[in-house]
Protein chains: 2
Amino acid sequence: MTDIQRLSTADADFRTRLDALLAWESVSDDRVGQIVAEIIRSVRARGDAALLDYTTRFDRWTPVSPAALEIPRARLEEAWQSIHTAQREALEQASARIRAYAEHQKLASWSYREPDGTLLGQQVTPLDRAGLYVPGGKAAYPSSVLMNAIPAKVAGVGELIMVVPTPDGELNDLVLAAAHIAGVDRAFAIGGAQAVAALAYGTATIPGVDKIVGPGNIYVATAKRAVFGQVGIDMVAGPSEILVICDGATDPDWIAMDLFSQAEHDEDAQSILVSWDGDFLNQVAASIDKLLPTMERAPIISSALNRRGALILARNLDDAIAVANSIAPEHLELSIEDPESIVGRIRHAGAVFMGRYTAEALGDYCAGPNHVLPTSRTARFSSPLGVYDFQKRSSLIQASRAGSAELARIASVLARGEGLTAHARSAEYRGEDV
Amino acid sequence: MTDIQRLSTADADFRTRLDALLAWESVSDDRVGQIVAEIIRSVRARGDAALLDYTTRFDRWTPVSPAALEIPRARLEEAWQSIHTAQREALEQASARIRAYAEHQKLASWSYREPDGTLLGQQVTPLDRAGLYVPGGKAAYPSSVLMNAIPAKVAGVGELIMVVPTPDGELNDLVLAAAHIAGVDRAFAIGGAQAVAALAYGTATIPGVDKIVGPGNIYVATAKRAVFGQVGIDMVAGPSEILVICDGATDPDWIAMDLFSQAEHDEDAQSILVSWDGDFLNQVAASIDKLLPTMERAPIISSALNRRGALILARNLDDAIAVANSIAPEHLELSIEDPESIVGRIRHAGAVFMGRYTAEALGDYCAGPNHVLPTSRTARFSSPLGVYDFQKRSSLIQASRAGSAELARIASVLARGEGLTAHARSAEYRGEDV
């Protein structure tokens, strides 16, 4: 029997118990911080030589030269040819859908002219170069390569550099195949904090980039935080989460499996179901008990559900929506009859999966939207990874001669109010000239 | 005579000398980090009581109660009435222009439907609550209140909370007046790391927010970095910078004053002029010598120009553009005849000021675009503060019954390739149902 927690929004201690379940602070480990700082220092000082040393030490293989760190494009192509046809087709179809969705996200430059001829606007440009970190070993996910690489390419990033550790020199063909189809420009067999440092500062072999994206372990996450400012980074993700709101009319086995699909990621993953149908919650609990023994990753699922999962009885749909908005989940399933009528009331969620047929897993692989989403309540202020993360804006101002006189008058008053006389005089010169 | 450096792109050591000038690493001071960590711990544990203690200690006044920390809306209105008419008008005109420009930045929700009825899109929502940090004392800039507050209000942020330290209990009427016209909802007389902690975690008196923006000293910047993740933050800014590209036909006094207008901010500010007209560089040097003694902040300007400024001789316009793109300046002035013909070749800049009449100072106060801009080469990957910083996106996916079968097939192949069986089965349930 599962020990998943049962809560009710009517309970006096509901908020306290929910907060306890949600509580998650990313670990900042002093020892890890020191190791990472030392690795970054070493890569900045010694460049490629440091990369060779760390690769020998952490990945247990010794490249014959820095150039041997590069995985040639031909090797990506070879991986693409080597995988099963069904996998190649699935990667192709997923890529096409992710690309089509990403095209909708592209920001465009804009400008407008005022009556006096003054032009104002914003010019949008892609990053010159982006770096994509891909974990090695068992957490090597080809879908993650597609989700991080395709938006960068759609944005028009000049060069996309992938780094992937190859423990014991082993390459993962599915990951390389995904890099091939996603359009990765160059790939290097390095990982860990040393790969992040190399991308941030560049070495003779590894090109320095402007932004680093992609998931990694605590060393990678700590290194990304440390180089932030030197380069841009995507967010540092917490454990995966799903919140399902169900009206009680979806097959309870489906809902149980949706909860499992987050829980199987790791023991810290969070799966929560909210319904106003108490009997349905019991049915899902029964489905959990029935299906759990059939799952390959049953121990992880069971641990995640028991530690961080919950079945929550709400008063009604409105109450369930209020719970969702207070949780601001990474994934929100609206497994209800008419999701379109209520989606406008969802204020915070990374992605919303609407209707009984929209399993969250469809979004993880191929629906089109990105699977890199804000976790740990950060959907309150941040967004899914997208094309816009690989573009940036420059403001444009072109004052006409007449316009500058008017602007100079306003600027002069405000600059003098702030005691910044050079600002005032610089503006006044233009005003006096008209 | 000014000691501003003279460089030429033709010199063999040009890149080395330029890199030395540009070098800037934000100081991460261990002692400051420890003090800030202790302040955050204390505010989280003791709430309002900690705020009262720190206000007594750092701002040298003792509120009679936590409620006394609030600056009532009537006090903002009173400040608005108390300032000079010319200042009120200038704040009104600047606000209207900043608001008009910001309206162009608003992101809108979008969606599209595929032939099989599957819906994909992105829903855009404003933050519930944002916090605006405003420095106290001599660095109190009303223009900064407008630039941070107006985009938040245009985005539709539910509640905008301003915090401003009041050393010795002194309020700055210009700042309060700017808060009034910008539509700040609530204001509190607290500052420093304790104000950042209060906004991030909330106290009985200070509402917790979802994102904190606005400039501050090293304690404030360190606190913002520390609470990042719990809340969103804007970027941590480095010293202000201007790069002027001039064809030699602008009045050299104007250009000298434009360089001063950055240099007067502080001794770390960076002012650089690039021209392919060597004689013009000499004329600007002469203008600097002539005008510097007339400036109120001459010692700061002189120090900034001598330490971090430069007059750079380029080969031609193309060469000057290459310098600009490699510097990725916060402010870029194109003081040339036909700026529109070359602005498309500017790949990295916070804001571009086009034409001889567009003094950078116009953008600081009233042209419309934001004056909160990426510094220290971060324009390579980040953008001016804007309405989009107070909005976030949620992906929308609604698979039709037919669409889910197709998506389930792809997802199943990829999920099994990654060893995530619950993902596969959750997708397959939907596929099998059709």
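Residues numbered from 1 in each chain as written. Chains lettered and ligands numbered in written order. Predicted model: local features only at pLDDT ≥ 70, side-chain atom pairs only at ≥ 80, totals over all residues. Heavy atoms only, no water.

The criterion, for reference: UniProt positions are given in the numbering used here, feature names are shortened, and annotations may be inferred rather than shown by experiment.
The name given to chain A in an unreviewed UniProt entry is Histidinol dehydrogenase, with Thiobaca trueperi as the source organism. Database annotation for chain A, UniProt heading Pathway (unreviewed entry): "Amino-acid biosynthesis; L-histidine biosynthesis; L-histidine from 5-phospho-alpha-D-ribose 1-diphosphate: step 9/9." Taken verbatim from the UniProt record of chain A, the Catalytic activity (unreviewed entry) comment is "L-histidinol + 2 NAD(+) + H2O = L-histidine + 2 NADH + 3 H(+)".

Side note on the sheet that holds strand β10 (residues 241-246) of chain B
To keep things clear, this is the line we draw: Note on pairing: two strands pair once DSSP finds at least 2 bridges between them. Only DSSP runs of H or I reaching four residues or more are called helices, and only runs of E reaching two or more are called strands; each is numbered from the N terminus. Angles here are taken between N-to-C directions and fall from 0 to 180 degrees, while the axes themselves are lines fitted to C-alpha atoms, restricted in helices to the stretch in contact.
Spatial ordering of the open sheet is given by β3(A)-β4(A)-β15(A)-β14(B)-β13(B)-β10(B)-β11(B)-β12(B)-β1(B), a layout of nine strands whose pairing is mixed. Only two strands of the sheet have a single partner each, and these edge strands are β3 (110-113) of chain A together with β1 (5-8) of chain B. On average, each strand axis in the sheet is inclined to that of its neighbour by 20°, with strand direction left out of account. Sheet topology places strand β11 (residues 270-275) of chain B next to strand β12 (residues 310-313) of chain B; four bridges connect them, and they run parallel. Bridging from a neighbouring strand, Val274 of chain B pairs with Ile312 of chain B of β12 of chain B.

Notes on helix α11 (residues 278-291) of chain B
Residue and element names in this part refer to chain B. Keep this limit in mind: In a helix, the anticipated span is given by 1.5 Å times the number of residues less one. Each residue's exposure class comes from its accessible area (1.4 Å probe, protein chains only) as a fraction of the maximum for that residue type: buried when under 20%, exposed when over 50%, partly exposed otherwise. Note that the arc is computed from the directions linking the helix axis to the C-beta atoms. N or O atoms within 3.5 Å of each other form a polar contact, as long as, within protein, one can give a hydrogen and the other can take it, and as long as residues adjacent in sequence are counted only when both atoms are side-chain atoms.
Relative to the 20 Å expected for 14 residues at 1.5 Å per residue, α11 spans 20 Å between its end C-alpha atoms, a close match to the ideal helical length. Among the residues of α11, those classed as buried are Phe280, Leu281, Val284, Ala285, Ser287, Ile288 and Leu291. Looking down the long axis of α11, one finds its buried residues gathered within 160° of arc, a one-sided arrangement. Two to three positions downstream of the cap, the backbone nitrogen of Asp279 sits 3.1 Å from a side-chain oxygen, assigning the N-cap of α11 to Asp277.

Details of the interface of chain A and chain B
Condition: For this analysis, residues touch if any pair of their heavy atoms sits within 4.5 Å. Definition used for salt bridges: Asp or Glu carboxyl oxygen within 4 Å of a side-chain nitrogen of Lys or Arg. Asp, Glu, Lys and Arg are counted as charged, while Ala, Val, Leu, Ile, Met, Phe, Trp, Tyr, Cys and Pro are counted as nonpolar; the rest, among them Gly, fall into the polar class.
The interface is formed by 119 residues belonging to chain A together with 119 residues belonging to chain B. Between chain A and chain B we count ten salt bridges in total. Ionic pairing is found between Glu340 of chain A and Arg113 of chain B, a salt bridge with its closest N-O pair at 3.2 Å. Our count for the contact surface shared by chain A and chain B stands at 70 residue pairs in polar contact (both at pLDDT 80 or more). Ranked by the residues each element gives to the side of chain A that touches chain B, the list is headed by helix α15 (residues 401-417) of chain A, at twelve residues. Along the lines of polarity and charge, the residues of the side of chain A that touches chain B split into 58 nonpolar, 33 polar and 28 charged. Note: strand β14 (residues 351-354) of chain A against strand β15 (residues 391-398) of chain B, three bridges, orientation parallel. Directly across from Phe353 of chain A, in β15 of chain B, lies its bridge partner Ile397 of chain B.

Thoughts on the relation of the copies chain A and chain B
The test is simple: Copies overlap after least-squares fitting; the atoms used are the C-alpha atoms of residues with pLDDT of at least 70 in both.
For the pair chain A and chain B, the best superposition has an RMSD of 0.0 Å and corresponds to a rotation of 180° with a translation of 0.0 Å parallel to the axis. Both chain copies can therefore be described as sitting about a two-fold axis. A shared binding surface is used by both copies, with 100% of the interface residues of chain A retained as interface residues in chain B.

Description of the environment of Ala237 of chain B
Along the chain, the position of Ala237 of chain B falls in the loop between β9 (232-233) and β10. The sequence separation of Ala237 of chain B and Pro369 of chain B amounts to 132 residues, and the corresponding C-alpha distance is 17 Å.

Brief notes about the UniProt feature "active site" (unreviewed entry) in chain A
Residue and element names in this part refer to chain A. Under the local residue numbering, the UniProt record ascribes the feature "active site" (unreviewed entry) to Glu330 and His331. Following the sequence through the fold, Glu330 ends up in the loop between α13 (317-327) and β13 (331-335). When residues no more than four places from it in sequence are discounted, the contact partners of Glu330 are Pro239, Ser240, Glu241, Gln262, Ala349, Gly350, Ala351, His371, Leu373, Pro374 and Thr375. Structurally, the position occupied by His331 is in strand β13. In contact with His331, not counting residues within four places along its chain, are Ser240, Glu241, Ile242, Leu243, Gln262, Ala351, Phe353, Glu360, Asp364 and Leu373. At a separation of 2.8 Å, a polar atom in the side chain of His331 contacts the main-chain carbonyl oxygen of Glu241.

Describing the packing of helix α4 (residues 73-82) of chain B against helix α7 (residues 173-182) of chain B
Residue and element names in this part refer to chain B. Where we set the bar: Oblique is the label for any angle not covered by the other classes, which are roughly parallel (under 35 degrees), roughly antiparallel (over 145) and roughly perpendicular (65 to 115). Helix crossings are classified by the rotation of the near helix relative to the far one: an anticlockwise turn of less than a right angle makes the crossing left-handed, while a clockwise turn makes it right-handed.
Between α4 and α7, whose axes approach to 7 Å, the crossing angle comes to 110°. Between α4 and α7, the interaxial angle falls into the category roughly perpendicular. Along this stretch, α4 crosses α7, giving a crossing that reads as left-handed. Facing α4, whose interface residues are Arg75, Leu76, Glu77, Ala79, Trp80 and Ser82, α7 presents Asp173, Leu176, Ala177, Ala179, His180 and Ile181. Its residues assigned to classes, the contact of α4 with α7 shows seven nonpolar, two polar and three charged.

Observations concerning the packing of aromatic side chains
Stated formally: Geometry of aromatic contacts follows a simple scheme: Phe, Tyr and Trp rings, the Trp one being its six-membered ring, pair when their centres are within 6.5 Å, and the pair is stacked under 30 degrees between planes, edge-to-face over 60, tilted otherwise.
Overall, the coordinates contain eight aromatic pairs over all chains when judged by the stated rule. Seen from their ring centres, Tyr54 of chain A and Phe58 of chain A are 5.7 Å apart, and the 0° between their planes marks the pair as stacked. In this pair, Tyr54 of chain A and Phe58 of chain A are both assigned in helix α3 (residues 48-59), four residues apart and thus about one turn of the helix distant. The class of Tyr54 of chain A is buried, set by a relative accessible area of 7%. When the centroid spacing of 6.2 Å and the interplanar angle of 10° are considered together, the rings of Trp110 of chain B and Tyr112 of chain B count as stacked.

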